[in-house]
Amino acid sequence: MSVSQPYVSVRGMSFSRGDRLIYNNMDVDFPRGKVTAIMGPSGTGKTTLLRLIGGQLLPDSGTIMVDGHNVPTLPRKELFDLRRKKMGMLFQTGALFTDLNVFDNVAFPLRVHTDLPESMIRDLVLMKLEAVGLRGARNLSPAELSGGMARRVALARSIAMDPEIIMYDEPFTGLDPISMGMIVKLIRGLNEALGLTSLLVSHDVEESCAIADYLCLLSDGRVIGFGTPEELINEGNDEVRQFLRGEPDGPVPFHYPADDYRSDILAGVN
Amino acid sequence: MLGKLLDQLQAVGRSGTAAIEAIGRGTLLLKNSLFWGGPGSAGFYDLLKQIYSVGVRSLIIIVVAGFFVGMVLGLQGYNILIDFGSEAALGTMVSLTLLRELGPVVTALLFAGRAGSALTAEIGLMKATEQLSAMEMMGVDPFKRVITPRLWAGIISMPILALLFSTVGIWGGAFVAVDMLGIDDGAYWGNMQASVEFYEDVVKGIIKSVAFGVVVTWIAVYQGYDSVPTSEGIGKATTQTVVISSLAVLGLDFVLTAVMLGGV
Amino acid sequence: MRMRYIEITVGAFMVMGIVALVLMAFRVSGLSLQDAGDTYTIKARFENLGGLTERAKVSMSGVTIGRVTKVYLDPEWYSAVVEMEISKSMSTLTKDTSAAILTAGLLGEKYIGLTVGAEDEYLQTGDWIEDTQSALVLEELIGRFLFNKAEEG
């Protein structure tokens, strides 16, 4: 589980939401320059992990090192600087600003954080849009985009400032096969071309295995498997295998805990 | 039975602490968004856009309401004063009622319903579609960018709207009094001028409406920001904005009126 | 294009607010431009204020020429002292001017009515009005009425 030169390194991290303990003393490393897919059953808190890494949530204890910075301890200004310079995040719905068109959405971080003249910003925006194949859509409003297109625009926006790490929150969910193919190509392509570290949260086993260099399986708030897709499929333990093969019953049981079936049914008879 | 009573008590206690927590979070929100500045924060044009959205677009309802309220005041006031032979005081009555009370209060209530609920829904929707989160992750403070201009737009718009309400109302009352009921034009305006004091009545009315502007906009913006990011959550938050800010305005009105009349 | 529309309407909105304020100031509240002008202060002593408060009007022949600025009890003389500011345009009040606390209308507020006398010298800042008439207190009136009635019958 420890990788040489990880970009993100989590140690002893615990996080609870209300009474529920979501992460308990977790350790995990995410390798630099690689695509790592974070997978697990619904509700284990995969998205929460991304928010913790991005500093939107504070863990109860432990450290989260992102490129050498301990995120939970960063004061507000430094945290915002870190996000501005190094992080990009793609939300499940794209989260485009509905009051701006495609061009302005992608230009937003550039206009806000840099003093570049409009002509330069225009070039940069067009380059980013070209990379995701939507340069021609630059004047559309977010309401006019399909789900897949919106996500691609959001992707262009998240690479606008040339980050070092991009986090994808369920990038495949709800897309048709063609759009999914486009996103897959882009995630992989951008990772290579820009030397990014990519973390993607998904429960789509097939696509994740196809593009990820590493898989990180979470369940019950801890890492139950970390390795390349081949390693985990072949060697993984029962939990890992159930998840990767999509078996309906196994360590995660089919039946929600209930009383004895026979007595439950017969109780209604009398 | 005792158990049920204890449960009820517990529920009351819990809602009490929830209310206190909400006030705490609301105060933090105010602290974070009252001042301008910071990366990506809103600019002057954003303020203008918000004043348009919140103030200019409330104009019609405020002006129409003000006119009707003024006319009703004229009618009712006439009915009451005629019994005392004091119908000449109608101008005074209409203008003082509007400037001191109805102008600021009714405007605030209408504003809460129209602009307040719109603000809550807008911010709630931005939260639900993760736009606020996306801003954060881009290193932009969503408070400064989204909330600050809306907050100040409300604070600026409210006194203007209240003043317009009162103005239109006074002329509405004049229309009823002079044109419909036949009261002497000079009596209506002359007595009014003699009794209405600029610093006492007009300015204090403005102070009230600024206070109401802060309260209503703050509540509206907070409810939107704190809403559960689902469609029911936003619906509930919008309703709460209208209810809570209306009650807050009425309560604050009592406090301010008592201070303004009791003290000096 | 859209921005321009917004700028224009918001500008109009603000202007409307200012116009309303100006209307309020002059048409509704009768604020006059020379209101915060030069004034001088004179004082008067009364047995009973009867509800006269600060900011009450001071008028002569029905015309407002000033305002009550301070009201307090004189601990030495055990009487109420009223300080009022009179507009400098009325600086020809004779030294024997009298001041009475009157009621505006039947149930109205109390104000001070001044009546000039016949002397040659005028009141200056800080002077006292000697001839004062306190407010009519209802209970005293009733008491006097009953007393008179009792005397007759």
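Residues numbered from 1 in each chain as written. Chains lettered and ligands numbered in written order. Predicted model: local features only at pLDDT ≥ 70, side-chain atom pairs only at ≥ 80, totals over all residues.

1. So, the overall build of chain C
To be explicit about the condition: Secondary structure elements follow DSSP: runs of H or I of four or more residues count as helices, runs of E of two or more count as strands, with numbering from the N terminus. The reference for a compact globule is 2.2 Å times residues^0.38; the radius of gyration itself is calculated from the C-alpha atoms. Each residue is classified by how many other C-beta atoms fall within 10 Å of its C-beta atom, where C-beta atoms are placed from the backbone; a count of 20 or more means buried, 12 or fewer means exposed, and values in between mean partly exposed.
On a plain count of helices and strands, chain C comes out with two helices and eight strands. When the elements of chain C are put in sequence order from the N terminus, they spell out α-β-β-β-β-β-β-β-β-α. In terms of overall dimensions, chain C is more spread out than a globule: its C-alpha atoms have a radius of gyration of 23 Å, far above the 15 Å expected for 153 residues. Taken along the three principal axes of its C-alpha coordinates, chain C extends 90 × 40 × 30 Å. When burial is assessed residue by residue, chain C has 20% of its 153 residues classed as buried.

2. Points about the domain arrangement of chain C
Where we set the bar: Residue ranges for the domains originate in an automatic or database domain assignment.
Along its sequence, chain C is carved into domain 1 (1-31) and domain 2 (37-142). Taken over C-alpha atoms, the centre of domain 1 of chain C sits 40 Å from the centre of domain 2 of chain C.

3. Some details on the interface of chain A and chain B
Just so we agree on the cut-off: Whether two residues are in contact is decided by their C-beta atoms, placed from the backbone, lying within 7 Å.
Residue-level contacts link 15 residues of chain A with 13 residues of chain B. Those elements that place two or more of their residues in the side of chain A that touches chain B are α2 (76-86), β6 (87-90) and α3 (102-113) of chain A.

4. Quick word on the packing of helix α4 (residues 90-128) of chain B against helix α7 (residues 185-195) of chain B
Residue and element names in this part refer to chain B. Counted only if it meets this: Lines fitted to the C-alpha atoms define the axes, with helices restricted to the stretch that makes contact. Angles between their N-to-C directions range from 0 to 180 degrees. What sets the label is the angle itself: under 35 degrees gives roughly parallel, over 145 gives roughly antiparallel, 65 to 115 gives roughly perpendicular, and the rest give oblique. By convention, the crossing between two helices is left-handed when the near helix turns anticlockwise from the far helix through less than a right angle, and right-handed when the turn is clockwise. All residues other than Ala, Val, Leu, Ile, Met, Phe, Trp, Tyr, Cys, Pro, Asp, Glu, Lys and Arg, Gly among them, are scored as polar; the first ten of these are nonpolar and the last four charged.
It is at 7 Å that the axes of α4 and α7 come closest, and there the two elements cross at 55°. The orientation of α4 relative to α7 falls into the category oblique. The two elements α4 and α7 cross, and the hand of that crossing is right-handed. Two secondary-structure elements touch here, α4 through Leu90, Gly91, Thr92, Ser95 and Leu96 and α7 through Ala187, Tyr188, Trp189, Asn191, Met192 and Ser195. In the contact of α4 with α7, the residues fall into six nonpolar, five polar and no charged.

5. Comments concerning the sheet that holds strand β5 (residues 98-103) of chain C
Residues and elements named next belong to chain C. The condition that has to hold: Pairing between strands is defined by DSSP: at least two bridges between the two strands are required.
Pairing within the open sheet is mixed, and its eight strands lie in the order β7-β1-β4-β3-β2-β6-β5-β8. The strands lining the two open edges of the sheet, one partner per strand, are β7 (128-129) and β8 (131-133). Bridge count between strand β3 (residues 63-74) and strand β4 (residues 79-87): eight bridges; the pairing is antiparallel. Following the sheet pairing, valine 68 is matched in β4 by methionine 84.

6. Regarding the pairing of strand β6 (residues 110-115) of chain C
Residue and element names in this part refer to chain C. Taken together, the three bridges between strand β2 (residues 57-60) and β6 define a ladder with parallel strand orientation. Bridge pairing in β6 links valine 58 to isoleucine 112. Where β5 and β6 come together, six bridges link them in antiparallel fashion. Bridging from a neighbouring strand, alanine 100 pairs with glycine 113 of β6.

7. Regarding the pairing of β3 of chain C
Residues and elements named next belong to chain C. The pairing of β2 with β3 spans four bridges and is antiparallel. Looking across to β3, one finds that lysine 57 is bridged to arginine 67. A loop of two residues connects β2 with β3, the two strands running antiparallel in sequence, and serine 61 in this loop sits at a positive phi of about 55°. With antiparallel pairing between neighbouring strands as the criterion, β3 and β4 make up a hairpin whose turn holds four residues, including tyrosine 78 at a positive phi of roughly 55°.

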